[in-house]
Amino acid sequence: MFLPAGSRDEMGPAVSNRFSVMEKFRKVAVLRGYEQISTPVVEYASTFTNEHVDMKLQNMLKWFNSEGEIEVLRPDWTTSIARALSSQEHKPQKWAYQGSVFNTDRPGVEYHQAGIEILHMPPLMGESESLLMAHSFLKSLGITDYAIELGHTELYESLIQGLDLKSEDAERLRQAMHDKKQDEVYQIALNNGDKKTAEELAALVDAYGGIEVITEYEERWKERKDLLDMLAHLKKVAQTLVESGANDILVDLGRVKNLPYYSGMMYRGFLKKTGAVCFSGGRYDKLYDRYGGHVSAAGLAFDVDVLAELYKEESPMKKVCIIANPESLVYAEKLRQTYEGCIVDVQSETADLDYYDKIVKIKLIDGKYEVFESETDDRTNQR
Ligand SMILES: N[C@@H](Cc1c[nH]c[nH+]1)C(=O)O
């Protein structure tokens, strides 16, 4: 009620868990040498819709400003950060950020991301660092039951070079590939090219599985130096991850880009229990072309809403409630400091007692305050 479709209020653990996830993210990022960056939530639509980025205006929250320009609520951090950093010096940079992104093609409209962008680093280092950072951040949240999926945009893009695709068919083929509709991929490819390419693309739909898929394809593509180089790249990142303890690796050689700016390796993290995507990212060197410089750029963003849902406090702090009245407030405030490492609430007599581990009553006896503590055993602890 009283809110536009998709907007929602949140309260209690839904909010505090999100903040906890964000705090952990910041800590991990700082310890790995990332600097923090923030960009405004309102931007020009053209920052995202120009030919180098090519995001769809129809999915953005937008309006006209007084000069007739279209403005939007930030639909993507990576693009905003590229705009913000376009005039920076060419030296290795690692940036971390967190905040909302807005997109009408998801039910919630506003969702929360925490992400990293790594610039001017040699390609293998950028992708590996993104994924190693993901591994250590998820570990810090106690999340180990997840798989990392690796793909490479240029495998599919190189294979379709053999076709003569008009833009409508190119989009249909990309969608069929994304939906893993093998027959449709084969038919569209055949109608726009030769049988060999159609077969290769249809086979690519099934090029999904463990790291051994890379080895199979090294054999299959042994004459294609360009494709072999990409496989070698994927293999090296996979090895780095496995040797660093992130050993649940999947490979999807037929993966097509989910964002138009990707131009190399792509990766995602899946929670094994629910299949939810908890992070997503990739290489996007060409995004910087708009600002006149070719930049080595890779990164990823975590879905903070997905992670917050899983978040569990490590050891919840004890909750103490001091029962006070306007006269004993000053005394209660002093008393509060004696319960170090606890959450200390001061309430009047009407407090919801089941919520606390300990109730502390203050009584005025012979003109002096005295303290009476009682433990509450069966704490329901839910508000
Ligand atoms: N901006 C991407 C994630 C990303 C960060 N860097 C590269 N990719 C997303 O929203 O999915």
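Residues numbered from 1 in each chain as written. Predicted model: local features only at pLDDT ≥ 70, side-chain atom pairs only at ≥ 80, totals over all residues. Heavy atoms only, no water.

Draft legend 1. Representation of the UniProt feature "binding site: L-histidine" (unreviewed entry) in the protein. Mapped onto this structure's residue numbering, the UniProt feature "binding site: L-histidine" (unreviewed entry) falls at Asp76, Trp77, Thr78, Gln113, Glu117, Tyr261 and Tyr262. Structurally, threonine 78 can be placed in helix α3 (residues 77–85). Here threonine 78 falls in the buried class, since its relative accessible area comes to 10%. In this view, threonine 78 contacts Tyr97, Glu117, Tyr261, Tyr284 and Leu287; residues no more than four positions away in its chain are not counted. Residue classification places tyrosine 262 among the buried residues on the basis of a relative accessible area of 6%. Aside from chain neighbours lying at most four places away, what touches tyrosine 262 is Thr153, Lys257, Ser280, Gly281, Gly282, Arg283 and Tyr284. (UniProt positions renumbered as here; feature names shortened; annotations may be inferred. Helix = DSSP H or I, 4+ residues; strand = E, 2+ residues; numbered from the N terminus. Buried < 20%, exposed > 50% of the residue type's maximum accessible area, 1.4 Å probe, protein only. Contact = heavy atoms within 4.5 Å.)

Draft legend 2. The arrangement of the site of the ligand in detail. Taken together, 15 residues surround the ligand, and among them Asp76, Thr78, Glu117, Tyr261 and Tyr262 come closest. Measuring from an oxygen atom of the ligand, one finds a side-chain N or O atom of glutamine 113 at 3.1 Å. In this structure, a nitrogen atom belonging to the ligand sits 3.3 Å away from a main-chain N or O atom of leucine 300. Look at the ligand: alone it shows 300 Å² of surface, and the protein chains cover 92% of it. Mapped onto the shell around the ligand, the elements with two or more residues apiece are β6 (110–119), β11 (277–283) and β12 (297–303). Of the residues belonging to the shell around the ligand, the class tally is seven nonpolar, six polar and two charged. (Near = heavy atom within 4 Å. Polar contact = N/O pair within 3.5 Å; in protein donor to acceptor, adjacent residues only side chain to side chain. Areas by Shrake-Rupley, 256 points an atom, 1.4 Å probe, with all protein chains shown as cover. Nonpolar A, V, L, I, M, F, W, Y, C, P; charged D, E, K, R; others polar.)

Draft legend 3. Representation of the pairing of strand β15 (residues 358–365) in the model. As judged from the four bridges shared by strand β13 (residues 319–323) and β15, these two strands associate in the parallel manner. Across the sheet, residue valine 320 finds its bridge partner in β15, namely lysine 358. In this sheet, strand β16 (residues 368–375) lies alongside β15 in antiparallel orientation, the contact comprising eight bridges. Its bridge partner lying in β16, isoleucine 362 is registered against valine 371. (Pairing = 2+ DSSP bridges.)

Draft legend 4. Molecular detail of the sheet that holds β15. The four strands are arranged β14-β13-β15-β16 in an open sheet whose pairing can be described as mixed. Unpaired on one side and paired on the other, β14 (343–347) and β16 mark the two borders of the sheet. Between one strand axis and the next, the sheet turns through 25° on average, direction left out of account. Packing of helix α12 (residues 329–336) onto the sheet brings it into contact with β13, β14, β15 and β16, and relative to β14 it is tilted by some 170°. (Axes fitted to C-alpha atoms, helices over the stretch in contact; angles between N-to-C directions.)

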